[in-house]
Every structure is written in C-alpha cells, then in structure tokens.
Amino acid sequence: MTEHAPRYLCVCADDFGMTEGINSAVLELAGRHKISATSCMVRRGAWAVGLRGLRGIEPSCIEVGLHLDLSPPPEGRQSEPGLGGLIVRSHLRLLRPSAVRAEIRDQLARFEDGLGRPPAFVDGHRHVHQLPVVSDVLTEEIASRYGTAVPWVRSTAPPAPRRFAKTKADIVFALGGARLLELAARRGIPTSRALLGIYDFTGTSDVYRGRLRQWIDCCRTGDVLVCHPSLGDAPWVPAGPARRNEYAVLSAIAFPMMTAAGVVFLRPLSHLSRAADPVHA
C-alpha cells in the first residue's frame, strides 16, 4: 500500500465584518480550530464591533487578512450592487488608478488601525483583487508598503490536477487570475496555490458536505479553501441559506482529516515550512 505525504490546507472564512452573524460564526469556528484564516471587510458595519473578538484569537491559530471591498452598498441601502459594471470598467481600463489606489490604501490603513498590525494576506470580496487595474495597483501598493514582509495574496486558480468539468471557478479565474499571479511574481509577493470552495451557493447542507469532501480530497499543500459561514442574518445578506449550511457542515468536520490521498492538516498558509511554501499555481 502506497503511503501519501501529508497535505496542509488553509480554510479561510470570508466576509468578517459584513454582519454580526458572520462575525459570530467565524469566531466560533476559529476558536474550535475548524478554519485557519479569515478575511475582513473593514468598510462594513460589523467590522468595528467584531474587533474585540478578533483580537482575542491567538494569531498562531488563525491568519487575519483584508477582504478588499470595491462594491459596498450605497449609503442608506443594505443590498449590494451588481458586479458587472465594475468588471466591464476594469477590463476596458476605465477605472482611475489614483482612485483605486486611494481606496486600497484606506482599507489597508483601517485594517492596520483596527488590529495594530498589517494583514497576513489580501484577497477580494467577489474576487475584485484580480481585476485589471485593481491587481496592478494592489500588487504595487503591497510591495511598496510592506517591503520584505509582504502579505501573501490569494490566487483564484482552479484546482489542479483537474477533477471537475469547467465550472464557476474557471470563470472567476478568467477574469484576471493569471495576470494577478504574473504581477505578484514580478513584485516578489507570495501567493496561495489553487482556490477551492467556489460554487453557486445552491443545494442543501448534505450537498455542501459532499462538495467540501471533494475539495479536501483533491487539495494540495498551499491551496486555500474559501467558505462563507454565518449563524444567521437579515434577509438582505447575500446567499443567507448557503451560509447557514456552510456553518453547520464546517462546525461538524474535524482536522486532521483522512482522505484517499492521505491525511490533510489544517494550517494558516504562512505557517507552512519553507519546503511547503505556497507557490504560483
């Protein structure tokens, strides 16, 4: 019987700071070692109220990063605007780099002021960090702001080796993922490997459990599995039922996890040994 080398997976809960229900789910899962990272929205209403709980988590157990948010609800509204306009403007290079840079700097400063340290990593709400213009400005700002102690950036590359037909993950990556990896490599910024956990937010908790098992079965060291758990929120929260399903399933899993390809351990990405450093996908 062939023995497989252990693999180390980062499970990242997105959207901390969007609502108190999301904050509570993230803090509870982090405290029980069900996730190893969380990505924060510093311009949303629950960011400030969640800071105390976030500061109480041991940094060696969970990495905390910036979830770059370029599509917050307009003032006086709760639901988020569509993303299509931003995608089109970015690909037509109609976004003003100076305005994008100012927004990135503001969000990095809010994160640093809130936690008293730089983010361990940077990604984007609805993957906006990889869009043209945004990725250029973001990687330039990270490299110049943090020098040799740069945070890693989350890749949107689909899983490899491929075990699935083309899916939403491929569409996400096609919107700018390859360019993001190229810019990060050029500027000496480490990246994660593949991004697991992308789906259409449909299905029951049993369906999500099956998906989660597939993603963990095929993971490689350096991959990130993204999730969006919540303990329950107002009707305007995007994908509310799916978030509650994710919380229920994640709450019941345990690492290390044995798979057909060997054991998988939960780790913050930057805590991996040099031999297992994240690489460009």
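Keep in mind the model is a prediction, meaning the values are calculated, not measured.

A. Region of the structure containing the overall build of the protein. The helix and strand tally for the protein stands at 9 helices and 9 strands. Here the protein has a C-alpha radius of gyration of 18 Å; the compact-globule value for 281 residues is 19 Å, and the two agree. Taken over the C-alpha atoms alone, the protein extends approximately 60 × 40 × 40 Å along its principal axes. Counting only residues that meet the buried cut, the protein has 53% of its 281 residues in that class. Look at the contacts in the protein between residues 6 or more apart in sequence, and 81% of them connect residues 24 or more apart. Surface accessibility of the protein: about 12,200 Å² in total, with carbon and sulfur atoms responsible for 55%. For the protein, the distance from the average position of its 34 positive side-chain charges to the average position of its 27 negative side-chain charges is 3 Å.

B. Representation of the nonpolar core in the model. Judged by nonpolar contacts, the single largest core of 65 residues is most densely connected at Ile 35, Trp 47 and Leu 212. If we ignore the near neighbours within four places in the chain, the residues touching Ile 35 are Val 11, Ala 13, Val 26, Leu 29, Ala 30, Cys 61, Ile 62, Cys 227 and Leu 266.

C. Local environment of the packing of helix H8 (residues 205-218) against helix H9 (residues 240-252). Packing of H8 against H9 leaves a shortest axis separation of 9 Å and a crossing angle of 55°. In this view, H8 runs oblique relative to H9, as classed from their interaxial angle. Classified by chirality, the crossing of H9 by H8 is right-handed. Judged by residue contacts, Ser 205, Tyr 208, Arg 209 and Leu 212 of H8 engage Asn 245, Glu 246, Val 249 and Leu 250 from H9.

D. Quick look at the environment of Ala 102. Mapped onto the secondary structure, Ala 102 falls in helix H4 (residues 97-115). By relative accessible area, Ala 102 is classed as partly exposed at 46%.

E. How the structure looks around the pairing of strand S7 (residues 224-227). Burial along S7 is two-sided: the face carrying Val 224 and Val 226 and the face carrying Leu 225 and Cys 227 are both buried. Handedness of the crossover joining strand S6 (residues 195-196) and S7 through H8: right-handed.

F. Representation of unusual backbone geometry within the structure. Of the consecutive residues Phe 255 and Pro 256, the connecting peptide bond is found in the cis state with omega at 0°. Mapped onto the elements of the fold, Pro 256 is located in the loop between H9 and strand S8 (257-259). Although it is not a glycine, His 33 sits at a positive phi angle of roughly 60°. When its relative accessible area of 48% is taken as the criterion, His 33 is described as partly exposed. Unusually for a residue other than glycine, Ala 239 sits at a positive phi of about 55°. Examined against the element boundaries, Ala 239 turns out to sit in the loop between S7 and H9.

G. Structural detail: the state of the cysteines. One pass over the structure, following the stated rule, counts 0 disulfides. Lacking any disulfide linkage, Cys 10 is separated from the closest cysteine sulfur, that of Cys 12, by 5.7 Å. Unpaired in this structure, Cys 40 has its nearest cysteine sulfur neighbour in Cys 12, at a distance of 8.7 Å.

H. How the structure looks around the pairing of strand S9 (residues 262-266). Most of S9 is tucked away, with 4 of its 5 residues classed as buried. Taken together, the 3 bridges between strand S1 (residues 7-16) and S9 define a ladder with parallel strand orientation. If you follow Tyr 8 over to S9, its bridge partner there is Phe 265. Across 3 bridges, the pairing between S8 and S9 is antiparallel. Bridged to Met 257 within S9 is Val 264. Adjacent in sequence and paired antiparallel, S8 and S9 are bridged by 2 residues.

So, how was this worked out
- Each chain carries its own residue numbering, running from 1 in the direction its sequence is written.
- Given that the model is predicted, a residue must reach a pLDDT of at least 70 before its local features are reported, and side-chain atom pairs must reach 80 or more before they are shown or counted; all residues, however, enter totals for whole chains, interfaces and linings.
- Values shown for side chains rest on all heavy atoms present in the structure; no hydrogens or waters enter the calculation.
- Segments assigned H or I by DSSP are reported as helices when at least four residues long, segments assigned E as strands when at least two residues long, and all are numbered from the N terminus.
- For a compact globule the rule gives 2.2 Å times the number of residues to the power 0.38, and the radius of gyration it is set against comes from C-alpha atoms.
- A simple rule labels every residue: compare its accessible area, found with a 1.4 Å probe on the protein chains alone, to the largest value its type can have, and call it buried under 20%, exposed over 50%, or partly exposed in between.
- Here, two residues are considered to be in contact whenever any of their heavy atoms come within 4.5 Å of each other.
- Residue burial considers only the protein chains on display, and all accessible areas are found by Shrake-Rupley using a 1.4 Å probe.
- Counted as positive: Lys and Arg. Counted as negative: Asp and Glu, with His and the chain ends omitted from the count.
- Every charge is mapped to an atom, namely NZ of Lys, CZ of Arg, CG of Asp or CD of Glu.
- Side-chain atoms within 4.5 Å are what join buried Ala, Val, Leu, Ile, Met, Phe, Trp, Tyr and Cys residues into a set we call a nonpolar core.
- Every axis in this analysis is a line fitted to C-alpha atoms, fitted for helices over the stretch in contact. Angles between the N-to-C directions lie between 0 and 180 degrees.
- For classification purposes, an angle smaller than 35 degrees is called roughly parallel, one larger than 145 roughly antiparallel, one from 65 to 115 roughly perpendicular, and anything else oblique.
- When the near helix sits turned anticlockwise from the far one by under a right angle, the crossing is termed left-handed; a clockwise turn instead gives a right-handed crossing.
- Looking down the strands as they point away from you, a crossover is right-handed if its path from the first strand over the helix to the second goes clockwise.
- Pairs of cysteine sulfur atoms within 2.5 Å are what we label disulfides.
- At least two DSSP bridges between two strands are needed for those strands to be called paired.

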